[in-house]
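Per-entry structural report
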Amino acid sequence: MKKILLTALVSLGLSATYAQFGPPGGGRPGGENGRPTNNNQSKSATLDLEGSLPKGNSKISGNVVDEALTSAVEFANIAILDAKTKKVLDGTMADEKGAFTMKRVGEGTYNIKISFIGFETMVLEKIVVEKGKDVDLGVIKLKQNTKQLDELVVQGEAAMIEEKVDRLVYNAEKDLSAKGGDASDILKNVPMLSVDLDGNVSLRGSGNVRVLINNKPSTIVASSIADALKMIPADIIKSVEVITSPSAKYDAEGSAGIINIITKKSNLKGLNLNIDSGAGLRGSNLGLNGNYRQGKLGVSLGGYGRAFYNKSSSISSQLLKTTGVSTEQNQDGTHFGMFGRYNLGLDYDLTKNQSLSGTIAFGTRTFNRDQLLNSSSFLNSALLSSTIRDVNSTDRSNSVDFNLDYIRTFKPGQEWSISSQYSQNNLVNNFNTDILNEAQIIQSRLKNLNDNINTEMTFQTDYVSPIGKKQQIEFGVKGVFRNVDSNFEYLTANSTGSFSNDARNPSGYLNYGQNIMAGYTSYLFSTKNKFNFKVGARYELTDIKADDSRGAITIPAYQNLVPSVNISKTIKTSTYKVAYNKRIQRPGLQQLNPNRDVSNPLNISFGNSSLSPELTDNLEFSLSKSIKKSYLTIAVFGRSSGNAINRVSSPSDSIPGAIITTYENIGKEQTIGGNVFGNVILRSNWTLNGGVDVYYRYLEGRQPNLQGVSELISNGGYSVSGRLMTNLKLKDGWAMQASGGMRGNRVNLQGIQRGMGMYSLGFRKDFSKKTSLGLAADNFFGGMVMKNTTDSPTILQKSTNYMYNTNVKVTFSYKIGNMKFVADKGKKIKNTDVKSGGEDTN
C-alpha cells in the first residue's frame, strides 16, 4: 500500500502541477551534508520501494527554488534513496513555498533526489543522518531543462491568472503593459473587475468592494479607493486576489466582495536591492527596494515614487424640469499628481515556533487639477447668465500604517496569532476659484478649505487547528476603533481684497466615531466522496457616536450575525462550487463628509452623516474545468441589497439652475449575472486568456416628483464587459503582451453611465537574470470617452468626458545581490471593511 501511495503521489505531482514552475535557472544547493550532482538525462531512478526506510527521530528538511532565486519550485518531488542500492525508501512533496520535511528518519547514509517537470533532476549524495539529529539541506537550486520545455504544453505565463478554491488570483508581476503605471492600470486587466476614468473600481457591477493591501486595511483606502490605487505603483504589485465569497474569518464589509493587493516581498537571505524605473508621455516612476535577512532577523526597506500628467475636457447639459431652466457647460483641464509610498519592515524568530514581525508604511499624495469652466443658463432659449471660472483644486494626504504581529505554531496547521494595527490619514481637499468676465479679468474669488483626520486602531487574535486529517476549526475575536474629524470653511473675496467667511456656505465640522466588536468561528471538513464544506458565522456589534455643526447625530447601535457557506466537489478534471454569504456595507468618509463641493456652482455635492449601513445577500455557483491545453471557469451569481447606499441628484432649492448630489439609503438593489473566463495554451511559449462578464442590475427607491410628492421610481438594465490578453515568449529573452477590453454600461437609479474601451501593447527584453528593459503603449490610437445620463422626475442631465490619456513609456529594472531562499513568516490583520465614496455607487 505504501508503495502505491508514494507512486501515486509522485505521479500526481508530475502531472497536476506542471504549470507552476518558475523562470529558468540552475545552480548548486546549499547545505554542508551533501555533494550535489546534476542529472541531465530524462530517465530517473525507479520508484522501487523494496526495503523500508529505517525509523528514528531525525528530520530531513530543505527549500527548493529555481536557480534565479525568483520563485519557489512549488510541489517539487522529494525521494529518499538508499545510498548503496539506489532504491527509493520513502518520499514527500514540497509545499507551495518549496519547503519540505521528512520526519521519523532513522540513522544512515542516503541519497536525496529532487525532481520536477521542466527542471533537471538533482541528487544530493551521501547525506549522513546521525541518531536524534536533524539535517537541514538548505536551499536546493534546480536548473530548468530547456529541452523538456520545448516539449511542454505550458510555460510560466500560463499562470497569469489562477483559479483557487476561494479566490481568483491575477499574477500582476507578469503584466508587461502595466509597468510604470499604478494599481488601477493592473486592476483593469483583472477578470470580474472594471475601472472607470477616475480610477473607481467595481466588482461584478458593484462599487461596494473592500480593498486590502497585503491582507491589511489602510485609512487611505477608507478615504477613497481611487486615490489609494493611484498611490500604489504597478511595479511593486505581485498579485491581485479577487474574493467573491469570503469566509467568516473576513470582516463582513464589502457587499460585492474583497480585492486584496499583494505587494512584492523578498524571502531571501543576504542583502539585495531592486531598482524599477520608467518614463513616459503621461507619467514617470522610480522605485528602490532593499532587503536584508540573516539568521533570525529580516529587514526590508522600500521607497516608491510616481508622477503623472494628463489632460481632460467635457461638455454637459442639464435641465431642471421643475423650473424649465437649462444649462450648458464645457470644461478644459490639466491634471498633475505626485505619489509616494515608503515602508520599513522587521521580522524576528523568537524561537523555532514563534515569530514577531512589524511594518511601518508612509504614504504621501499631491494631486492638482486646473480647470477652466464656461457655463451658460437659459430659460425658454433666452440667456439668463454666463460665467467663466478658473478652478484650482488640491488634494493632499499623508498617511501612516503600523502593525505588530505575533504568531506561534504548535504543529503543522495549528497556530495562534495576535495582531495589532494603527493607521492614520491626514487628508486635505481644497479649491480656489477665480470668477472671470468675458475678458478673463478676475471679478471675485472663492475658497474652500477642508481638513480631515481619519484614524483607526485594530486588535485581533485568531486560532486555527486541524481535527484529524479532514477537519479544521478556526475562531477569533477582533476590535476596530475608528474616528473621523473633518473641518471645513468657505471664504470669499473680491478681485484684490482679503478673504472673509461666505454667508451662503457656513463653516462646519464632523466628528464621527465608530467602534466594531466582532467574533467568528469557521469549520472545514471533507468527506470520503470528495465533498469539501467550509461553514462559519461572524457576529459584529457596531456602536456609533457622531456630531456635526447641527448638533448630535443619533445613530442607534446595531448588531449583525453574518453566515457563510462554501461547498465544493471535484470530479475528475472539473470542480463545482456553490457559496452563500451575507455582507455589510458601512458608509465611508466621503459619503459621510458634509463639506459642500461648490467648485462647480451648478453641480454641488456633499456627504450625508446620517447614512445607515446596507445589507447584502450573495449566492454564487461556479464550474472550473481543464480541457486538454485549456482551462475554463463559468460562474453565475445573484446579489440582493436592502437599504442600499447610492448617489442621488435633485434640483437646488436656493441656487437657480443648480443640481445637488448627495448619498442616500435608497432602498432596494438587485443584480443577477454570470462570467466566463478561459485560458488557452496555443503553444509552449504562447498563451491566450480572456473572459466576458454579463449581469442585469435593478434599483428601486423613492424620489420627489414635480409636485414635490415622494414616489417610487426604478431603473434596470444589462451590462456586458469583456477582456482579452495574449502573452508570447520569444527567443533571446524577448517577451510580448497585448491586451484589450471593454467596460460595459453601468445602470444607476436615475440614469446610466456608458461603457468605454481600452487597449495596450508591451514588450520586454531580459538582458540577464538581473536586468530588463521594456516598452509599452496604452490607448495609442486616441484617448478615452465616457458618457453619462441622469434622468429623474425633476432633472435631466447629460455629459461627455474626454480623457487624453494616450501613453508610451519605457521601463527599466535591475536587481543587485546574491540571496538564499527562506520561507515566509508572519500574519497580517485583515480589516475587510468600510465603503469608499470615491466611486459612483448608483
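Refer to the structure printed above.
A short tour of the structure in this document, coming up.

Description of the overall build of the protein
A tally of helices and strands in the protein yields six helices and 45 strands. A buried classification covers 52% of the 842 residues belonging to the protein. Counting contacts in the protein only where the partners sit at least 6 residues apart, residues at least 24 apart contribute 69% of the total. Of the roughly 36,400 Å² of accessible surface on the protein, a fraction of 57% belongs to carbon and sulfur atoms.

A few points about unusual backbone geometry
Its identity is not glycine, yet Lys530 carries a phi of approximately 70 degrees, on the positive side. Relative to the helices and strands, Lys530 is located in the loop between β26 (508-526) and β27 (531-548). Phi is positive for Asn779, close to 45 degrees, though the residue is something other than glycine. Topologically, Asn779 is positioned in the loop between β41 (771-778) and β42 (784-791).

Topic: the sheet that holds strand β5 (residues 99-105)
Whenever strands of a sheet pair, they do so through backbone hydrogen bonds, lying parallel or antiparallel. Read across the sheet, three strands follow the order β5-β2-β8 without closing on themselves; strand pairing throughout is mixed. Both edges of this open sheet fall to β5 and β8 (135-142), since each of them pairs with a single strand only. Recorded for the sheet is a direction-independent mean angle of 20 degrees between the axes of neighbouring strands.

Let's talk about the pattern of salt bridges
As enumerated under the stated definition, the model contains 20 salt bridges in all. Between Glu540 and Arg586 there is a salt bridge, with its nearest N and O atoms 2.8 Å apart. Linking Glu540 in strand β27 with Arg586 in the loop between β30 (574-585) and α6 (589-592), this pair joins segments that are 46 residues apart in sequence. For Glu540, a relative accessible area of 2% gives the class buried. The class for Arg586 is buried, based on a relative accessible area of 0%. The closest approach of N and O atoms between Arg550 and Asp548, which form a salt bridge, is 2.8 Å. Of the residues examined, Asp548 reaches a relative accessible area of 4% and is grouped as buried.

Some thoughts on the nonpolar core
One finds Tyr170, Leu187, Val201 and Ile237 to be the most contacted residues of the largest nonpolar core, which totals 31 residues. Every element with two or more residues in this core is listed here: β10 (168-170), α3 (183-187), β11 (193-195), β12 (201-203), β13 (209-213), α5 (225-230), β14 (237-243) and β15 (257-263). Contact partners of Val201, with chain neighbours within four places excluded, come to Leu187, Leu193, Ser194, Val195, Gly207, Val209, Ile225, Leu229 and Ile259. Counting residues in hydrophobic clusters, the runner-up holds 25 residues, among them Val73, Ala76, Ile78 and Met122.

Digging into the packing of aromatic side chains
Per the counting criterion, the structure on display carries twelve aromatic pairs. Summarising the aromatic geometry, the rings of Tyr463 and Phe475 are spaced 5.4 Å apart at their centres and angled 40 degrees between planes, so their arrangement reads as tilted. Of the two residues, Tyr463 is situated in strand β23 (residues 442-467) and Phe475 in strand β24 (residues 471-494); the sequence distance between them amounts to twelve residues. Both rings, one in Phe488 and one in Tyr490, keep their centres 6.2 Å apart while their planes meet at 65 degrees; by these two values the pair is edge-to-face. One exposure class covers both Phe488 and Tyr490, and it is buried. Counting every residue linked through ring pairs, the aromatic cluster contains Tyr523, Phe525, Phe531 and Phe533. It is Lys569 that lies over the ring of Phe531; its NZ or CZ is 4.5 Å from the centre. One Lys or Arg, Lys765, reaches over the ring of Phe767 and ends 5.7 Å from the middle of that ring.

Quick notes on the rules
- Residues numbered from 1 in each chain as written.
- Predicted model: local features only at pLDDT ≥ 70, side-chain atom pairs only at ≥ 80, totals over all residues.
- Heavy atoms only, no water.
- Helix = DSSP H or I, 4+ residues; strand = E, 2+ residues; numbered from the N terminus.
- Buried < 20%, exposed > 50% of the residue type's maximum accessible area, 1.4 Å probe, protein only.
- Contact = heavy atoms within 4.5 Å.
- Areas by Shrake-Rupley, 256 points an atom, 1.4 Å probe, with all protein chains shown as cover.
- Pairing = 2+ DSSP bridges.
- Axes fitted to C-alpha atoms, helices over the stretch in contact; angles between N-to-C directions.
- Salt bridge = Lys/Arg side-chain N within 4 Å of Asp/Glu carboxyl O.
- Core = buried A, V, L, I, M, F, W, Y, C linked by side-chain atoms within 4.5 Å.
- Phe/Tyr/Trp six-rings, centres within 6.5 Å; stacked < 30°, edge-to-face > 60°.
- Lys NZ or Arg CZ within 6 Å of the ring centre and 35° of its normal.

Without other data, these values stay purely geometric and don't point to any function.
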